[in-house]
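Tertiary structure, described
One-letter residues, chain by chain:
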Amino acid sequence: MVCLGNICRSPTAHGVLEKLIQDKGLSEAIEVDSAGTSTYHIGDHPDPRSIAAAQRRGYSLEKQVARQVNPNDFQEFDYVLAMDADNLQHLVSAAPGGSKAKVQLLLDYASGETESVPDPYLGGGLQGFETVLDLVEGACQRLLEQLLQELPTAVREQ
Ligand code: 4NP
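Quick look at the structure, then.

**Describing the environment of S10**
Tracing the sequence through the fold places S10 in helix 1 (residues 9-23). Between the alpha carbons of S10 and L81 there is a distance of 9.0 Å; along the sequence they are 71 residues apart. Residues within four places of S10 in sequence aside, it is in contact with M1, V2, C3, S34, A35 and M83. From its side chain, S10 meets the backbone oxygen of A35 in a polar contact 3.4 Å long.

**Regarding the nonpolar core**
Core analysis: the largest hydrophobic core is formed by 37 residues, its most contacted members being M1, L17, L106, V136, L143 and L144. Those elements that place two or more of their residues in this core are helix 1, helix 2 (48-56) and helix 5 (127-150). It is helix 5 that contributes the most residues to this core, 10 residues altogether. Apart from residues no more than four positions distant in its own chain, V136 is found in contact with T12, A13, V16, L106 and V117. Counting 10 residues, the second-largest nonpolar core is a separate cluster that includes A35, V69, L91 and A95.

**Observations regarding empty space enclosed by the protein**
According to the stated counting rule, one finds 1 cavity of 30 Å³ or more in the structure shown. Its volume calculated, the largest cavity comes out at about 40 Å³. C8, T12, S50, A53, F129, V132 and L133 are the residues that line the largest cavity. Those elements giving two or more residues to the lining of the largest cavity turn out to be helix 2 and helix 5. No other element matches helix 5, which puts 3 residues into the lining of the largest cavity.

**Some thoughts on the pattern of salt bridges**
For the structure shown, the criterion picks out 10 salt bridges. The salt bridge partner of K19 is D23, with a shortest N-O separation of 3.0 Å. You can see K19 and its partner D23 sitting in helix 1, 4 residues apart, about one turn around the helix. Between E130 and R57 there is a salt bridge; the shortest N-O distance is 2.8 Å. With E130 in helix 5 and R57 in the loop between helix 2 and helix 3 (71-76), the pair connects residues that are 73 residues apart, well separated along the chain. Residue class for E130 comes out buried when judged on its relative accessible area of 17%. Each of R56, R57, E130, D134 and E137 takes part in one network of salt bridges that share partners.

Criteria and cut-off values
- Residues numbered from 1 in each chain as written.
- Predicted model: local features only at pLDDT ≥ 70, side-chain atom pairs only at ≥ 80, totals over all residues.
- Heavy atoms only, no water.
- Helix = DSSP H or I, 4+ residues; strand = E, 2+ residues; numbered from the N terminus.
- Contact = heavy atoms within 4.5 Å.
- Polar contact = N/O pair within 3.5 Å; in protein donor to acceptor, adjacent residues only side chain to side chain.
- Core = buried A, V, L, I, M, F, W, Y, C linked by side-chain atoms within 4.5 Å.
- Buried < 20%, exposed > 50% of the residue type's maximum accessible area, 1.4 Å probe, protein only.
- 1 Å grid on protein atoms, 1.4 Å probe; cavity = no way out; pocket = protein on both sides within 12 Å on 5 of 7 lines; lining within 4 Å.
- Points joined across faces, edges and corners; volume = space filled by probe spheres on them.
- Salt bridge = Lys/Arg side-chain N within 4 Å of Asp/Glu carboxyl O.

By themselves, these figures tell us nothing about what the structure is for.
Here it is, written out as structure tokens:
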């Protein structure tokens, strides 16, 4: 999960998908992580407003630490998911040739029309953090359905 600062949107998506995976008992089978395209907040914990909004819906973000996306991510992960069009462009440019197909928008997995998760850091008040959760929760549920189909049957049914 990748956004600009790795303190609001991608940590939220990371925490939401992590919880869905935990609830299915698949934490050993599916790894989820997040990063930012920028260096702005490396080493920081998520924004307190993101932590609080997520906590109200049962997700825990407080242990996460921001980092910048790196070339190894394109090897290690099967999906590299951008929160908005700027992140997508950055990732497509940074992805080594064979891994460009791994880069998608998270909201490609959402049922609605919205393509980008709006950045709550840049204004919009506390409602912006709820909007992030609304968009990300729906997309992560559908993404998990896709991931389940890709797991070996023995793991999926354990
Ligand atoms: P995020 O939000 O990309 O969702 O983590 C931002 C956080 C910080 C900044 C920009 C976006 N910033 O410019 O510091």
